[in-house]
Structures are given as structure tokens and as C-alpha cells.
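Given next are the chains, with one letter for each unit.
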Amino acid sequence: MPRLLDGINNANDIKKIKAQDYDKLAREIRDFLIQNVSQTGGHLASNLGVVELTMALHLFLNLPQDKLIWDVGHQAYTHKVLTGRKNLFSTLRQMDGMSGFPKREESVCDSFDTGHSSTAISAALGLVKARDLNGENNKVVAVLGDGALTGGMAFEAINNAGRLKTNLIIVLNDNNMSISENVGGMANYLAKLRTNSKYTGFKENMENTLIQMPGVGKALVDKLKRSKDAIKYFMLPSMFFEDMGLTYIGPIDGHNISQMITAFEAASRAKKAVVVHVLTRKGKGYKPAEKYPSRYHSVETFDVVSGSPLKKEKVDSYTKVFSDTMLRLAQSNDKLVAITAAMPSGTGLTHFMKQYPDRFFDVGIAEEHAVTFAAGMAMGGYKPVVAIYSTFMQRSYDQIIHDVCINNLPVVFAIDRAGITGRDGKTHQGIFDLSFLSHIPNLTVMAPKNRYELEEMLAYAVSYDGPVAVRYPKGDAYDGLSEYRAPIVHGKSEVLKQGSDIAILALGSMVKTGAEVAETLEKEGISTSLVNVRFASPIDIEIIDELTKKHKILVSMEENVRNGGYGQKVADYLCESKKNIRYINISVPDEYIEHGGVSELHKKLGLDAESIYNRIREELNLLK
Ligand SMILES: Cc1ncc(C[n+]2csc(CCOP(=O)(O)OP(=O)(O)O)c2C)c(N)n1
Ligand SMILES: CC(=O)[C@@H](O)[C@H](O)COP(=O)(O)O
Ligand SMILES: [Mg+2]
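Within every chain, residues take consecutive numbers counted from 1 along the sequence as written. Just so you know, chain letters begin at A and ligand numbers begin at 1, following the order they were written in. Reporting of local features is limited, given that this is a predicted model, to residues whose pLDDT is at least 70; pairs of side-chain atoms are given and counted only at 80 or more, and all residues count toward the totals for whole chains, interfaces and linings.

Draft legend 1. Summary view of the overall build of the protein chain. Counting its regular elements, the protein chain contains 25 helices and 17 strands. As defined in this context, the radius of gyration uses C-alpha atoms, and a globule is described by 2.2 Å times the residue total to the power 0.38. The C-alpha radius of gyration computed for the protein chain amounts to 27 Å, which stays within 12% of the reference 25 Å derived for 624 residues, consistent with globular compactness. Taking the principal axes of its C-alpha atoms as reference, the protein chain extends roughly 90 × 60 × 50 Å. Per-residue burial over the protein chain gives 51% buried out of 624 residues. Segments assigned H or I by DSSP are reported as helices when at least four residues long, segments assigned E as strands when at least two residues long, and all are numbered from the N terminus. With C-beta atoms placed from the backbone, the exposure class of a residue follows from how many other C-beta atoms lie within 10 Å of its own: 20 or more, buried; 12 or fewer, exposed; in between, partly exposed.

As C-alpha cells, then:
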């Protein structure tokens, strides 16, 4: 039996589908997404929730002339299906395959590359201003979730949008969830809008607002009122948005396509920014995802019938080691508090949250605020551990300098997902943190070689009287080299092996690789020293002095871009101190790294043991 989906090959093909077939198409899209994501992994629950919303937007808009911006972008799979990318789904998030996020180079219908949260309204507002200055009249729509609305940028953009005198549509996709439970005042406010009947008393005011809108008027409102139960969804004004100078329409059933189209059409007539508040169910149409939306937010491959992951986790992740260590440290230190920016499960703080609810703070998708909030807590005598992924920490650069480090406050930054993270691609690789952290005065920056050292570094960081960042990678925690446990001394590295030809300075995750390279070189009779760098700031100059005295080649290894990384510090020192030694800098090239498996990417970038070995051999040949 032919599927409606088979007729969807280009943007706007959906307009050929009859209205009575919309539900069937939505079901086909859901089946398609579940089957495909079960084989590739990806962001499932958010995508299942926005199938009808995306269909309604595509029916309402003319892409690519109109502009549609997805906040975060993790919910754009149906948009990809409807814009001619259905056949690429078997390559979703695979190396050289289709990205899991909107990408302008993938389609003219993708208006903005995204991956980080709360940017959509700002970007849309910019597009609106450009449109107006160009004298064009295309529609611009930003779609953001209730979680994204907890981010500071969204509030800044709403503040700015309140002055707008032309049309911008902001679709607030409210599924009552961030990755975990959505938190904070805005989440409570949305809950009230969803449920509190006292707002229905304002229906008439809203009707009047609509009537007064240019191009809407009484006739249209009457028509809307007559349209099957549409009006009851239109008439709940929101004080917050209205008081900020935006028009609010909602809440609307985000699984009812015709209601949403009617609302979008009404919204498009206003010469203002209009918020259309739609209610959707995260995970809709797949029972396990409806029941456990957090678990199915981002999944590895899974069995569709049982919903269970295909790969069983055999080894603890670094996140799990962090999680367990936090519980242990909190037991003996009642001043220890934990802060997350909407990632309690991703950063491993769920157990801490349950065990120490009063000492746990989820501040929403607000990394800047999380850091300054930590500064305040430290000032008040507490020891905050702020757990944020490397890529999202980019948001907090000024707060780290201005609020924590200038004040020299004892805040611990637990930086998860540092280095190559893989399938989320260029927006999510944790390859810049050493560059943006290790030049900050007062800030100590460390990276552990294995799971045991992560525990020790966290304990050290918590006991240290100043700001400390500890960065560790996504995935399995390495448990090799466990016999090396030299006590941590500030700014000092750990010598794992003494040799005389090649000296390897390896940082964090690269110590394991360095040990593999050293072993291969030794087998060939090339005597190799291996040093676990431990500190990216301050760097251990004494060890460099020592190594340069007796080795032919010095090699540094790190999972960070070359620019501003540890290796450049080493190179700078070698140059300044006029050392006469061949030097190899193994680091991530200075570019954005696309999606793929972590080991595939390591190989491609020359960060795997074999590539590094070959690089050293080349250098040795030059010395002959
Ligand atoms: C700056 C930033 N911090 C954290 C994240 C991780 N993150 C991705 S999606 C998400 C939840 C978003 O919730 P919402 O906007 O409601 O979308 P939903 O997942 O519910 O569809 C979070 C915290 C991110 N992408 N960007
Ligand atoms: C879209 C987003 O930013 C998160 O969902 C992220 O993809 C989670 O990454 P992890 O799967 O590494 O926790
Ligand atoms: Mg949500």
C-alpha cells in the first residue's frame, strides 16, 4: 500500500495532501522517525512531539522564501522529512551523513544552523529587521520550547521584540519538559497558562485585542469563533507576554493542525511580535517515549518493540564517576553544593539531587547565570561545583572571568563532554574549553588520565582555595594506568615512564593514547618518556626543561583545538626559552568538527595512536 510519505519529496509537497489525510501522514512520519532513529540513534522524544506542529508550519509557510528557525534544532527531523531529506535518514548523525540539527548547507529551507538553546528569537528578530530594511514581506517564524524559554537570551530577545512594529511569529512549543523536568518561574507560569481557569476570564479582552489588530477585525474573529472550537483556544491572554509588548495567542492544541494554521494566520496579520503558545506531548505516538520523555530525549540505537537500548553499558562513564564522587564528597563536606543548567541527568547529578535536594540547584538553560550564581554561593561560604558540558560552558566565558576569577572564588567547574563528543557534531564538540579557560588568571585547569584520577582531581578541586576547572570526556571512563597514583601537586605533572628519544606530554584523555604510542615506539627500540600533564594551567615548565635536555623530539597531545591549546603554550615556552628540540603538536585542527563516531573522528583528525605514531616516525626520519 503506497504511503502518503512517498509523495513528499520536496518542500511544499505537503500542500498536495488533502486535509482529511493529515492524521495519516502524521502517523506515517512518526513510524518513519521511530524506525530510523532506532537504527541510528538521535533525538527522538522532542521530534515525535512536533510532527503536527511542523506539518502545520509547512502548510502555512512558503519555504524557502519564508524563514523558519528551530531553537536548539534537535526537533527538526519532521522538517527534514518535509524538505526532501527523507532518504538521508539512514545516515542521520553518521560520518558524512545528515546532521541531527538544521544546517544551511544541507537545505535552502534551513534558515539558521543551531544546536545550542535559546537563540531562535534573537536570530528571527534579526531576519525580520533585515527583511524590513530590504523592503521584503516574507514571514519569519521562530519555534522554541518551554525549556529554551528559560534561557537568558530568549528573555533578552523578548525584551527587544516588544518594540517591534512589524510581524514576527514566535511559536512556543510547550511540552512541559526540558530534557528533564522544566524548572523555575517561567515553567510555573506556563503551567498556570495551561491549567488555571482564572485566565479564561480574560477571553473577552483578548477577543478585543484581536479585533483591533490590523487585518484581523471583527469579521475574522467571528469566523474564527464559528470555526470548530478554535476560539476557545485563542482567548487566554498572557499577562507576561502582553505586558512585554507582544501579542499572545493560546494555548492551542499542538496536535491539531487546522487549529494551529488558523492561529498562525491570525498571528501573521499583526504588525507586532506574536507568541503562539502550542501544547504538545513529548514522545507522542511511541509509548516508551511518552512514559519516559527524558530517557528518550537523546537515544542510542534501540529495539523498537521493547524500547531497550541495543548496546548495554559495560563500563562506567566519566559522568558516572563524577556522579559517584560527588555523593562521596558531599558526605564529608556539608558546604558542597551542586549546580546544573538544565542537565541533571546528562551531567550525572540526578543522584545528588535526590540525596541532597537542598544542596542541588537546577537553574534552567542558563549557563551564564549558573556561573555567577555559583560565585555568589562561594562568596557566601559554600563550595559550588558547577557541572556544565564543555560546549555549553562557552556561554559563560565572561562570568567565569568577571564574577569567579577576578574575585578569585573557590568555584569548581566540572566540565563534562570535553573533547570530541561525536554524533551531535560541530555545535557540540568540546574542543575549545582549554583555549578559553587556560589563559584566565587565577583559574587552575586540570584533566584526568583515568577514572581514578578524576576522583582525585575532584577531591583536590573541592579542597583548593580558588577557582578550578576539571575537564573530562564523554563516554567510557578509562581504568588503565591505575598503578600510577602520584599525589596531585598544584601545577605539577606526573611522570609515567622515563625514556631518552621521544618525550610525550599527554593531557587528559590523550594519556591513554600516549601510552599506546609509547608502547609501539618501545617495541621498535625507540626509548620513550610518557608524562601525564595533569595541569593545562598553570603549565609545568620544569618538566619541559627536563625533557628537552635529553630527548630528540617533544610531542604534546590534547583533545582541544590547536589555537590557544596546551600545545601552543608549550611551543611558546620552547620558543621563549630558546630550546633546541623538534616539537610536534598533536591537537584538533582549528576548524568546526562535523558529526561522526568518536573513534572515527579521532582517526580522521590524526588523534588516534596509529596516526600519532606515523607522525612521530616521519619526524624521526627527518632527523636521520
Ligand atoms: C546552551 C544550551 N544548554 C543546554 C543545552 C542542552 N539541551 C538541549 S535540548 C534541551 C532542552 C530543551 O527543552 P525545550 O526547549 O523545552 O525542548 P524539548 O526538548 O522539550 O523539545 C537542553 C537543556 C543546549 N542545547 N544548549
Ligand atoms: C540537543 C542537545 O544539546 C542535547 O540533547 C545533547 O545532544 C545531549 O548530549 P548527550 O547525549 O551527550 O547528553
Ligand atoms: Mg519542552
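Draft legend 2. Local environment of the pairing of strand S14 (residues 528-532). Across the five residues that make up S14, a large majority, five, are buried. Inspection of the sheet shows strand S12 (residues 494-497) paired to S14 by three bridges, in the antiparallel sense. Among the inter-strand pairings, Val-495 is bridged to a residue of S14, identified as Val-531. Strands qualify as paired when DSSP identifies two bridges or more between them. Pairing between strand S13 (residues 502-506) and S14: five bridges, direction parallel. Within the sheet, the bridge partner assigned to Ala-503 lies in S14 and is Ser-529. Handedness of a crossover: with both strands directed away from the viewer, a clockwise path from the first strand across the helix to the second marks it as right-handed. Taking the sense of rotation as the criterion, the β-α-β connection linking S13, helix H21 (residues 510-523) and S14 turns out right-handed.

Draft legend 3. View of the site of ligand 1. Ser-46, Ser-117, Gly-145, Gly-147 and Ala-148 are the nearest of the 22 residues found near ligand 1. Residues were grouped as follows: Ala, Val, Leu, Ile, Met, Phe, Trp, Tyr, Cys and Pro as nonpolar; Asp, Glu, Lys and Arg as charged; and all remaining residues, including Gly, as polar. Residues that form the shell around ligand 1 fall into these classes: nine nonpolar, nine polar and four charged. The domain limits used here are those given by an automatic or database domain assignment. In terms of domain composition, the shell around ligand 1 takes at least three residues from each of domain 1 (4-291) and domain 2 (318-471). Whether a residue is near a molecule or strand depends on its C-beta atom, placed from the backbone, lying within 6 Å of it.

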